[in-house]
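# Topology and contacts: notes
For reference, the chains in residue letters:
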Amino acid sequence: WFEFARTRVFLAPDRCRAEMRFHAMMFALLSLACGVTATPPEEHASTCADHGQEHLLLQASKAQYSLERATSGGDATLTAKEGSLLRPAMGSMDAGEHQAAQSTGLSYFRCPPRFKKSAYSVPLSSPDYFEPVSASHPPGSKSVTRAIIVIHGALRSNEGYYMYMVRRMRRLHKDKHTVVVAPSWGDRPCTAAKWANRTSDQVRGGARAPFWRKLSRFIFGGGSDHGGHGFAVLDSVVEWVQASYPRLQRLVVTGFSAGGQYVDRWAALSPEGANGVTRSRGLPLRIIAGGPSAILYLNEERPDPACVPDEDQGANWSCSDFSIPSPERDCDSLWNKYSIGLDGLHDGASSEGDLRHDVNQYLRKSMDTASSSKLSKQIRDRWATKDIRFLFGSRDTKQCGVGACSDLCDAMLTGKSRLQRGLNFMSHLRREFPGSEPLWGIFNFGHNHLAAYSSHHFTAWALPYDNKKYQVTDRVVTDTGVPKADYVDRFYAAWECMGKCDNTPGCNSFMYIPLVGQCFLKDKCVDSSSPIVSPASGAFQFQTFWKDCTLEPEEGGSHGDEEEGGSHGDEEEGGSDGNEEEGGSHGDDEEGGSDG
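The rules behind these values
Along each chain, the written sequence defines residue order, and numbers are assigned to residues from 1. Since the coordinates come from a predicted model, pLDDT governs what is reported: local features require at least 70, and pairs of side-chain atoms require 80 or more to be given and counted, while whole-chain, interface and lining totals use all residues. To get the side-chain values, all heavy atoms of the structure are used, and hydrogens and water are removed first. In DSSP terms, a helix is any run of H or I states spanning at least four residues, a strand is any run of E spanning at least two, and both are numbered starting from the N terminus. We call a residue buried when its accessible area falls under 20% of the maximum for its residue type, exposed when it is over 50%, and partly exposed in between, using a 1.4 Å probe and counting protein chains only. Contact between two residues is taken to exist if any of their heavy atoms lie within 4.5 Å; hydrogens are not considered. Shrake-Rupley sampling with a 1.4 Å probe provides the accessible areas, and residues are treated as covered by the protein chains on show and by no other component. By this definition, two strands are paired if DSSP reports at least two bridges between them. Orientation is described by lines fitted to C-alpha atoms, with helices fitted over the stretch in contact, and by angles between N-to-C directions that extend from 0 to 180 degrees. Given a helix with a known number of residues, its expected span is that number minus one, times 1.5 Å. Each patch is built from residues that are more than 30% exposed by relative accessible area and take part in no salt bridge. Like charges join if they lie within 9 Å; nonpolar side chains (Val, Leu, Ile, Met, Phe, Trp, Tyr) join within 5 Å. Salt bridges, as used here, are contacts in which a Lys or Arg side-chain nitrogen is within 4 Å of a carboxyl oxygen on Asp or Glu. Should an angle lie under 35 degrees it is considered roughly parallel, over 145 roughly antiparallel, and from 65 to 115 roughly perpendicular; all remaining angles are considered oblique. The nonpolar class holds Ala, Val, Leu, Ile, Met, Phe, Trp, Tyr, Cys and Pro. Asp, Glu, Lys and Arg form the charged class, and all remaining residues, Gly among them, are polar.

Along the backbone of the protein there are 18 helices and 15 strands. A total of 596 residues make up the protein; the buried ones form 59% of that total. Of all intrachain contacts in the protein linking residues separated by at least 6 positions in sequence, the fraction that spans at least 24 positions is 74%. For the protein, the accessible surface area stands at approximately 23300 Å², while carbon and sulfur atoms represent 50% of it.

This is the structure in C-alpha cells:
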C-alpha cells in the first residue's frame, strides 16, 4: 500500500494531511487483516506542515520496509542498514524550487544530482554539450549484458524512475548483469562539472546540458532551449551505452506517461531500432511505451465517432471503423499535423524555430524529406521493422476532457481516455499492417509507472526468461484449486515461481502477485477458457500462471535467462553495482497527472 501512498509527496499541505491520515488508517486495517504486527509512521500532519513534502518519502518508505519485514516474520523495526539505504535519497527541495518545477511543467530536475556516485555525462554533438544520466554500473563493467534505458514522465525526475528500476532489478536478481540508465530531461541549466564527479575525454567540465522549458518540445522531440535535439539526445545515449559496456548483448528503451509519448515518437522517427537492432553494433533493441497520453498515427485515418464513446468500454475494446475526419471534426484541417499525425515534417512545411522544423532537421539525416507522402511512407516502412510494444493500465480510464490527459482536438479524435486511445491505436496498427498483430499488454492498475514496471508483461519483455510451457491470465482465475505451497517470505520473480511449481508434485498452476512477488502454488488444471475474476474484484492485481496438464512433466525447474542461467532463488539482493545508497524504491505516482 505504501509503495503507492508514499509517492503522493508533492501535495498542498491540507491535502497531504488528509491523504496521509487516510493511508495510515488503511495501513492499520490491512495489517489487522493480514494478521501482522506493524504500525504506520506517525505525525503525518506535522511532517506535511513543518518539514516539507518530500520528508514523507522517508516516513512512508520506513512503513513499506516494516511491512515487508513483518509479513516475512521478521522484526518490524527499520534496521540501521535500511535507514542508511533510504536517507541519502531524501534531499530537500525548497519552496522556490518546487514552484519553479511546477511552473515549467517538465520535471523535478536536480543539478547536482542526489547521487553523484551514479551520475555520468554522455557526450553529444560537441565537447561543449552533454546529456546527464544516472547509471547503475560504471562504464567498462564487464558483467553487464543487458541495458534498460528508462525515460521519466512530466513533473517527475530521472532519479525517481532510476531508483525504482534499480531496486526492481535487485528484487529479480538481475542487477549484476543489467545496467539501468536514466537520462534526465532538465528544465534548467546544468554543467558537466556540477552534474558528475568525473567527465570523459569527450566532455569538458564546463559543457552544458540541454534543457527544455516547454513540455511539448521535449515530448515531441523538438530542439531544446540550449544544446541539443530531443530525439538526437536519446540516440546519443543509446550509442554511449553500447560503447560503455563491452559485453552488452541487448537493450531496452522504455518510457511511461510523457516518457511513453516521447518513446513512441522516437521509435517512429529515429533510425535506431530499424530491423530490431541498433545502428552501431547491431544489438537487439526493444522499445516499450507505457501509458502515453497521445500516440503518433501513421496515416490520415482516425477512429470513427462510434469508436470514441464517453463511457469506458474496458480492456477488451477494439475499433474496426476508421476514416478521414469529416469537416465537422477535422480540427480546422489540422487533425493530421505532427505530433498526432505525420503532416508538416517535410522540407519547407514549417519555419525555423517551429517544433516541426526541428523534427524535419532531425529526419533529414536519415530520410528523404522532400515530400510529405514520400516521407510518411518511409516512416511507416521503417516502423514495421521495429520491435515496439505498448503497456496500458486497465483502470487508466479517466476522461481526458477533465485534465487527465491531452484534450487537444487532434488527440480527442483518437479516444476519450488513455486506455481507449491505446486500444484504438492497436486497431489502427492492425489496419495499417494487415496480417500483423501489434504487441501490447494490460496491467491491472491506473496511470502508474510502478504498476506498469512491476507487471508480468514488462518483466517478460525486458528480462526474457526461458518460459516454454507457462501461460498467464490477465487476472486470477475464479477457481484456483487446492493449495500446494506458498512462497511469501521474500520477493519471488515469476520465473522463480515456475521453477518452484515444476519441482512441487501435483502443482499445475500458481497465483502470482507481481507487485510484491508472492506466489501460491495450486493443483488446479487451468486452460484458456477458465473464467477469471472481474476487474472490480479485490483480486484484480493477481494473475494465474498455468501449464498444460496433458503434457508429460519435465525434469528440473530452471527458468533463468540465457545470460545468468538457472534459478537464482537463493541469491541475495543487491549485487555488485556500486550503488548501495540507491537501494530503496523511490518511484513517483503519476495517477491522475496530466502529461500534456
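So, next bit.
Turning to the environment of Arg204, a few remarks are in order. One can find Arg204 in the loop between helix H8 (192–195) and helix H9 (215–219). Residues Arg204 and Pro127 lie 77 residues apart in sequence; the distance between their C-alpha atoms is 5.8 Å. Beyond its immediate sequence surroundings of up to four residues, Arg204 is in contact with Pro127, Asp128 and Ala192.

Let us look at the sheet that holds strand E9 (residues 387–393). In spatial order, the strands read E1-E2-E4-E3-E5-E6-E9-E10; together these eight strands make up an open sheet with mixed pairing. Strands with a single pairing partner mark the edges of an open sheet, and in this sheet they are strand E1 (119–123) and strand E10 (439–443). Neighbour to neighbour, the strand axes of the sheet diverge by 25° on average, direction disregarded. The pairing of strand E3 (residues 146–151) with strand E4 (residues 178–183) spans four bridges and is classified as parallel. Bridge pairing in E4 places Ile148 opposite Val180.

Attention now moves to helix H18 (residues 494–502). Burial analysis of H18 places eight of its nine residues in the buried class, which makes it a mostly covered element. Listed in full, the buried residues belonging to H18 are Ala494, Trp495, Glu496, Cys497, Met498, Gly499, Cys501 and Asp502. Residues of H18 that are buried in the fold lie against strand E11 (470–472), strand E13 (509–513), strand E14 (518–522) and strand E15 (543–547).

In this section: helix H15 (residues 418–432). The terminal C-alpha atoms of H15, which comprises 15 residues, lie 21 Å apart, in line with the 21 Å expected from a rise of 1.5 Å per residue. With 13 of 15 residues buried, H15 is to be regarded as a mostly interior element.

The next thing to look at is the sheet that holds strand E12 (residues 483–487). The strands making up a sheet associate through backbone hydrogen bonding, with each pair oriented either parallel or antiparallel. The five strands lie next to each other as E11-E15-E13-E14-E12, forming an open sheet whose pairing is antiparallel. The sheet is open, and its two edges are formed by E11 and E12, each paired on a single side. Neighbour-to-neighbour, the strand axes of the sheet open up by a mean angle of 20°, direction not taken into account. Of the strands in this sheet, E11, E12, E13, E14 and E15 touch H18, which is tilted by about 155° from E13.

Moving on, we get to a nonpolar patch on the surface. Residues Phe22, Met25 and Leu29 make up a contiguous nonpolar surface patch of about 290 Å² in total accessible area. With respect to the helices, strands and loops of the structure, Phe22 is situated in helix H2 (residues 13–34).

Bringing the pairing of E9 into the picture now. Across the seven residues that make up E9, a large majority, seven, are buried. The alternating pattern of E9 places Asp387, Arg389, Leu391 and Gly393 and Ile388, Phe390 and Phe392 on opposite faces, both of which are buried. For strand E6 (residues 285–290) and E9, the ladder comprises five bridges, and the chain directions are parallel. The residue bridging Ala289 from the neighbouring strand is Phe390, located in E9. Bridge analysis of E9 against E10 gives five bridges, and the strand direction is parallel. Bridge pairing in E10 links Phe390 to Trp440.

For the pair helix H11 (residues 258–269) and helix H13 (residues 372–383), interaxial distance at closest approach is 8 Å and the crossing angle is 105°. Of the possible angle classes, the one that applies to H11 and H13 is roughly perpendicular. Within the contact between the two elements, H11 uses Asp264, Ala267, Ala268 and Leu269 and H13 uses Ile379, Arg382 and Trp383. Residue composition of the contact of H11 with H13, by class: five nonpolar, no polar and two charged.

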